[in-house]
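Coordinate inspection notes
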Amino acid sequence: MLLEKYVQQNGEYFSFTRQQASDFAKQVASDFNPIHDEDAKRFCVPGDLLFSYLLTRYGVAQRLSCQFSGMVGAEVELHCAEDSDVITIVDGQNKKYLSFQRSGPSQQDLNVIEPLIQDYVRFSGQNFPHILQPLMQRHNVMINPQRPLVIYESMALEFEFLPSQKVDLSLTASSLSVEGKRGNALLQFSLKENGKLIGSGEKRMILSNLVPYDDVQMTQMVLEYNSRKAVA
């Protein structure tokens with residue numbers, strides 16, 4: 001199973017070590033966001049990993065979405081509180097980290113779900129610089145090189161027809177809205193099966209600590225990011 005080595009399961013409770021979360025970010029999502037480094041001071045478990053865990057555990061529904069409300073640290077024991085069509089990830093103190101909503105028919109075929117997960121999360125590897133850098137340049141802002149912070153706000157998938165085999169995922173649109181030092185990025189996808197459009201998806205991200213765009217600093221950030229990927 002794809003996620004088996006990236007999660008610690010103890011009955012209904014689950015958690016992630018720094019290494020598991022960091023390995024998933026780099027090996028599966030191609031995501032080299034510094035907050036997922038094993039030794040990061042402000043370390044957090046990738047939102048893609050939490051979303052993937054839920055899809056693996058509960059299957060793919062016709063309509064599903066998750067809203068992030070907190071950053072998960074390493075070794076935090078979590079469990080899923082289930083209430084009708086809403087599933088909430090909470091810790092032992094009942095702190096909420098994520099709300100997962102699903103409706104309509106669903107299916108749990110891992111032969112379909114795991115390739116979908118891999119394609120969906122792999123776009124994290126393209127977020128920076130391929131998608132976000134042109135958007136930031138267009139709006140004359142950039143993430144702070146000294147304190148770069150990009151986190152997920154929400155993810156969603158919606159199917160006209162539930163997939164029965166591998167789904168092809170393609171980016172269809174991207175946008176950025178800026179409010180002061182905060183940016184809200186939206187990535188939108190098409191979902192196709194054998195060339196036929198069967199649904200759509202999206203990811204919403206929050207960019208914090210925005211500063212005025214600077215070509216020299218951005219070029220350096222891109223070089224450093226690409227060098228991190230090259231040696232991984």
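Preceding this section is the structure that the text describes.
One structure accompanies this document, and this report is about it. (Residues numbered from 1 in each chain as written. Predicted model: local features only at pLDDT ≥ 70, side-chain atom pairs only at ≥ 80, totals over all residues. Heavy atoms only, no water.)

1. With respect to the overall build of the protein chain
What counts is decided by this rule: Only runs of H or I of at least four residues qualify as helices and only runs of E of at least two qualify as strands under DSSP, and these elements are numbered from the N terminus. All radius of gyration figures rest on C-alpha atoms, and the globule criterion is 2.2 Å times the number of residues raised to 0.38. Contact criterion: two residues are considered in contact whenever any of their non-hydrogen atoms come within 4.5 Å of each other. We score Asp and Glu as negative and Lys and Arg as positive, and we do not count His or the chain ends. Working definition for charges: the position is that of NZ of Lys, CZ of Arg, CG of Asp or CD of Glu.
Along its length, the protein chain carries five helices and twelve strands. Here the C-alpha radius of gyration of the protein chain, 17 Å, is about what a compact globule of 232 residues would show, namely 17 Å. A separation threshold of at least 6 residues defines the contact pool for the protein chain, and within that pool the share at least 24 residues apart is 69%. Separation of charge centres in the protein chain, based on 22 positive and 27 negative side chains, amounts to 5 Å.

2. Brief notes about the environment of glutamine 108
Worth spelling out the cut-off: Here a polar contact means two N or O atoms within 3.5 Å. Within protein one must be a hydrogen donor candidate and the other an acceptor candidate, and residues neighboring in sequence count only if both atoms are side-chain atoms.
Following the sequence through the fold, glutamine 108 ends up in the loop between strand E6 (96-107) and helix H3 (110-122). Among all residues touching glutamine 108, those that are not within four sequence positions of it are Arg57, Tyr58, Gly59 and Ile113. Engagement of the side chain of glutamine 108 in a polar contact is seen with the backbone oxygen of arginine 57, the distance being 3.3 Å.

3. A few points about the packing of aromatic side chains
As a reminder, the rule being used: Stacked, tilted and edge-to-face pairs are distinguished by plane angle, under 30 degrees for stacked and over 60 for edge-to-face with tilted covering the rest, among Phe, Tyr and Trp rings (Trp via its six-membered ring) whose centres lie within 6.5 Å. Three labels apply to residues, based on accessible area from a 1.4 Å probe with only protein chains included: buried if under 20% of the type maximum, exposed if over 50%, partly exposed otherwise in between. Remark: a charge is flagged as sitting over a ring if the NZ atom of Lys or the CZ atom of Arg is within 6 Å of the ring centre and within 35 degrees of the ring normal.
Scanning all chains against the criterion turns up nine aromatic pairs. Relative to tyrosine 120, the ring of phenylalanine 51 has its centre 5.4 Å away and its plane inclined at 45°; by these criteria the two rings are tilted. Placement of the pair is phenylalanine 51 in helix H2 (residues 47-58) and tyrosine 120 in helix H3, with a sequence separation of 69 residues. With respect to class, phenylalanine 51 is no different from tyrosine 120; both count as buried. Feature note: the residues Phe51, Phe100, Tyr120 and Phe189 constitute an aromatic cluster, connected by ring pairs. Sitting above the plane of the tyrosine 120 ring, lysine 203 keeps its charged end 4.8 Å from the centroid.

4. Some thoughts on unusual backbone geometry
For the bond from phenylalanine 128 to proline 129, the omega torsion is 5°, close enough to zero to count as cis. Looking at where proline 129 falls in the secondary structure, it is placed in helix H4 (residues 124-138). At asparagine 140, a residue that is not glycine, the phi angle is positive and equals roughly 60°. Mapped onto the elements of the fold, asparagine 140 is located in the loop between H4 and strand E7 (141-143).

5. Things to note about the side chain of serine 15
Mapping serine 15 onto the fold places it in strand E2 (residues 13-15). Aside from chain neighbours lying at most four places away, what touches serine 15 is Val7, Gln8, Gln20, Glu75, Val76 and Glu77.

6. Some words on the packing of H4 against helix H5 (residues 215-231)
The following threshold applies: Orientation is described by axes fitted as lines to C-alpha atoms, over the contacting stretch for helices, and by angles from 0 to 180 degrees between their N-to-C directions. What sets the label is the angle itself: under 35 degrees gives roughly parallel, over 145 gives roughly antiparallel, 65 to 115 gives roughly perpendicular, and the rest give oblique. Gly counts as polar in this scheme, as do all residues outside two lists: the nonpolar Ala, Val, Leu, Ile, Met, Phe, Trp, Tyr, Cys and Pro, and the charged Asp, Glu, Lys and Arg.
Where H4 meets H5, the closest approach of the two axes is 11 Å, and the angle between their N-to-C directions is 175°. Overall, the two elements H4 and H5 adopt an arrangement that is roughly antiparallel. Residue-level contacts link Gly125, Phe128, Pro129, Gln133, Met136 and Gln137 of H4 to Asp215, Met218, Met221, Val222, Tyr225, Asn226 and Lys229 of H5. When the residues that make up the contact of H4 with H5 are grouped by side-chain class, the tally is seven nonpolar, four polar and two charged.

7. Quick notes on the pairing of strand E8 (residues 149-159)
For clarity, the cut-off: Any two strands are treated as partners once DSSP identifies two or more bridges connecting them.
Burial analysis of E8 places eight of its eleven residues in the buried class, the great majority of the element. Pairing between strand E3 (residues 60-68) and E8: five bridges, direction antiparallel. Paired with cysteine 66 across the strands is methionine 155, a residue of E8. Relative to strand E11 (residues 196-208), E8 runs antiparallel, the two sharing ten bridges. Looking across to E11, one finds that glutamate 158 is bridged to serine 200.

8. Brief notes about H5
The criterion, for reference: The span you would expect from a helix comes to 1.5 Å times its residue count less one. Regarding the arc, it is the one traced by the directions from the helix axis to the C-beta atoms.
An ideal rise of 1.5 Å per residue puts 24 Å on 17 residues; H5 measures up with 25 Å between its terminal C-alpha atoms. Within H5, the full set of buried residues consists of Met218, Met221, Val222 and Tyr225. All buried residues of H5 fall inside an arc of 100° around its axis, so they share one side. Opposite its buried face, H5 presents the exposed residues Val216, Leu223, Ala230 and Val231, each directed more than 90 degrees away. Looking at the buried residues of H5, the elements they touch are H4 and E7.

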